[in-house]
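# A look at the structure
For reference, the chains in residue letters:
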Amino acid sequence: MLTNVSVNLYKSIFCMDFKLTEEQLMIQQAAREFTQQQCLPGVIERDEKQIVPKEQLIQLADLGFLGMMASTNYGGAGMDTISYVLAMEEISKVDSSVSVAMSVNNSLVCWGLEYFGNEDQKLKYLTPLAQGKKDNELYIGAFLLSEPEAGSDATHQHTNAVDMGDHYVINGIKNWITNGSTASVYLVIAQTDYTKGHKGINAFIVEKNSPGVSVGPKENKMGIRGSDTHAISFTDVKVPIENRIGEEGFGFNFAMKTLNGGRIGIAAQALGIASGAYELALAYSKERKTFGKPIHEHQAIQFKLAEMATKIETARLLCYKAAWEKDNHLDYTTSAAMAKLHASDTAMWVTTEAVQIHGGYGFVKEFHVERLMRDAKITQIYEGTSEIQKMVIGRNITK
Ligand code: CAA
């Protein structure tokens, strides 16, 4: 007879399924086609010129990729997080400047609004954000937490939001904002009551065209050069009280809970960068000959490829597990941090080895591995550095 323990064990063994569903495979294929047809041609030139054309983002909107996980009631595609991970992975194999715009809108903006916004906020803002369009124009959002003196130490917000009764007045500067100039809507984290620490922080929906909002110049970056990164400043910006997300003082918890999902998106991006570099290195190792044979026949190269494939597979399993936990309403904080930590380290290591396998060709811009290596670096930094992920994991496993 089966005991409760053995029934649970039985279930946990037989519930494990590594097969993707038909729908997930279709989404992966759609993302692959978009990447090959729209992202690959001209990606080197766009990286050089630091641009992502708006048309590319509009095509993503048309595919339903800007609000993948948002429910269909609010303009979203109603897909699961695994599908989102698959799409992020495919696009990031080629162009992470595009995938980061998609990731921020999906995980940080739409998800945050769907889970913590009220009905009016969802109808007014989430619906066009999830569609990625309003009046036939691109309509996306940005997430404004980081500041010049509050990056990893995010509870120390200098941007303040003074409570004026029926509205708040926001002053301060936000840094490193993805979608900074293209976004129409900002989710802004700001301190209202400094005596209450992180419980005195609020989150607001701020329209970019509000008087007093100003967008700084585009950052000239090492990687993801096309992505739209700016500092945004707020001078006496009036925000109606109905644009506060959640109860008074919920802003920091809103940011943290939202970032957990964001970390799955960036883990998937890192996984894509690593996979893209690995696929290029594998193909090159079959073409390039030294000492009378293709270089993949040399053990030195074969060992590198074996290690790359193994690290990528472990990163993929961590990403899928975190996504699966999120889809099954389990606590995914630790898994998301582990996925991001491991996938971003994998991306950095694999891209460096991919350049090494390409030799001198890997060091020039015509061969994509050079760009992928530069793009990999940011995945160890944004949406929580690797050190912050270790803090999150360490605190959770020891509490
Ligand atoms: N999930 C849910 N809740 C969390 C959390 C998490 N991952 N991390 C912290 N919290 C909660 C805590 O439980 C605590 O809740 P209570 O209100 O119940 O007390 C609260 O947040 C405060 O946490 P701590 O006491 O642990 O605060 P701390 O100051 O010691 O540490 C931190 C906080 C974890 C270091 C946090 O500041 C952090 O995550 N920093 C990194 C910020 C970050 O990821 N920035 C990325 C910027 S966004 C970006 O890059 C977007 C882009 O454009 C690409």
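Let me begin by describing the structure that accompanies this report. (Residues numbered from 1 in each chain as written. Predicted model: local features only at pLDDT ≥ 70, side-chain atom pairs only at ≥ 80, totals over all residues. Heavy atoms only, no water.)

With that settled, consider the site of the ligand. Looking at the ligand, there are 25 residues lining it, with Ser 152, His 198, Lys 199, Arg 263 and Arg 395 nearest. Take Ser 152: an N or O atom from its main chain is 2.8 Å from a nitrogen atom of the ligand. The separation between an oxygen atom of the ligand and a polar side-chain atom of Arg 395 is 2.5 Å. Judged by its atoms lying within 2 Å of the grid points, the ligand is housed in the largest pocket. (Near = heavy atom within 4 Å. Polar contact = N/O pair within 3.5 Å; in protein donor to acceptor, adjacent residues only side chain to side chain. 1 Å grid on protein atoms, 1.4 Å probe; cavity = no way out; pocket = protein on both sides within 12 Å on 5 of 7 lines; lining within 4 Å. Sits in = over half its atoms within 2 Å of the grid points.)

In this structure, His 358 sits in helix H10 (residues 333-358). Apart from the residues within four sequence positions on either side, His 358 is in contact with Leu 280, Ala 281, Tyr 284, Phe 367 and Val 369. (Helix = DSSP H or I, 4+ residues; strand = E, 2+ residues; numbered from the N terminus. Contact = heavy atoms within 4.5 Å.)

The next subject is the packing of helix H2 (residues 22-39) against helix H5 (residues 81-92). Here H2 crosses H5 at 25°, and the two axes come no closer than 8 Å. As summarised for this structure, H2 and H5 are arranged roughly parallel, according to the angle between their axes. Note on packing geometry: the crossing formed by H2 with H5 is right-handed. Touching Gln 24, Ile 27, Gln 28, Ala 31, Arg 32, Phe 34, Thr 35 and Cys 39 of H2 are Ile 82, Ser 83, Leu 86, Ala 87, Glu 90 and Ile 91, all from H5. Residue composition of the contact of H2 with H5, by class: eight nonpolar, four polar and two charged. (Axes fitted to C-alpha atoms, helices over the stretch in contact; angles between N-to-C directions. Parallel < 35°, antiparallel > 145°, perpendicular 65-115°, else oblique. Left-handed = near helix turned anticlockwise from the far one by under 90°. Nonpolar A, V, L, I, M, F, W, Y, C, P; charged D, E, K, R; others polar.)

Volume-wise, the largest pocket comes out at about 1,500 Å³. Lining of the largest pocket is provided by 50 residues; of these, Leu 145, Leu 259, Arg 263, Glu 383 and Gly 384 occupy positions nearest its centre. Listing elements by their share of the lining of the largest pocket, those giving two or more residues are helix H6 (96-116), strand E5 (167-178), helix H8 (251-287), helix H11 (369-379) and helix H12 (386-398). Taken as a whole, the second largest pocket encloses approximately 720 Å³ of empty space. What lines the second largest pocket is a set of 25 residues, and nearest its centre among them are Asp 17, Phe 18, Tyr 320, Lys 321 and Trp 324. Only H2, H5 and helix H9 (299-327) provide two or more residues apiece to the lining of the second largest pocket. Per-element accounting of the lining of the second largest pocket gives the leading share, eight residues, to H9. Its residues placed into classes, the lining of the second largest pocket shows eight nonpolar, five polar and 12 charged. (Points joined across faces, edges and corners; volume = space filled by probe spheres on them.)

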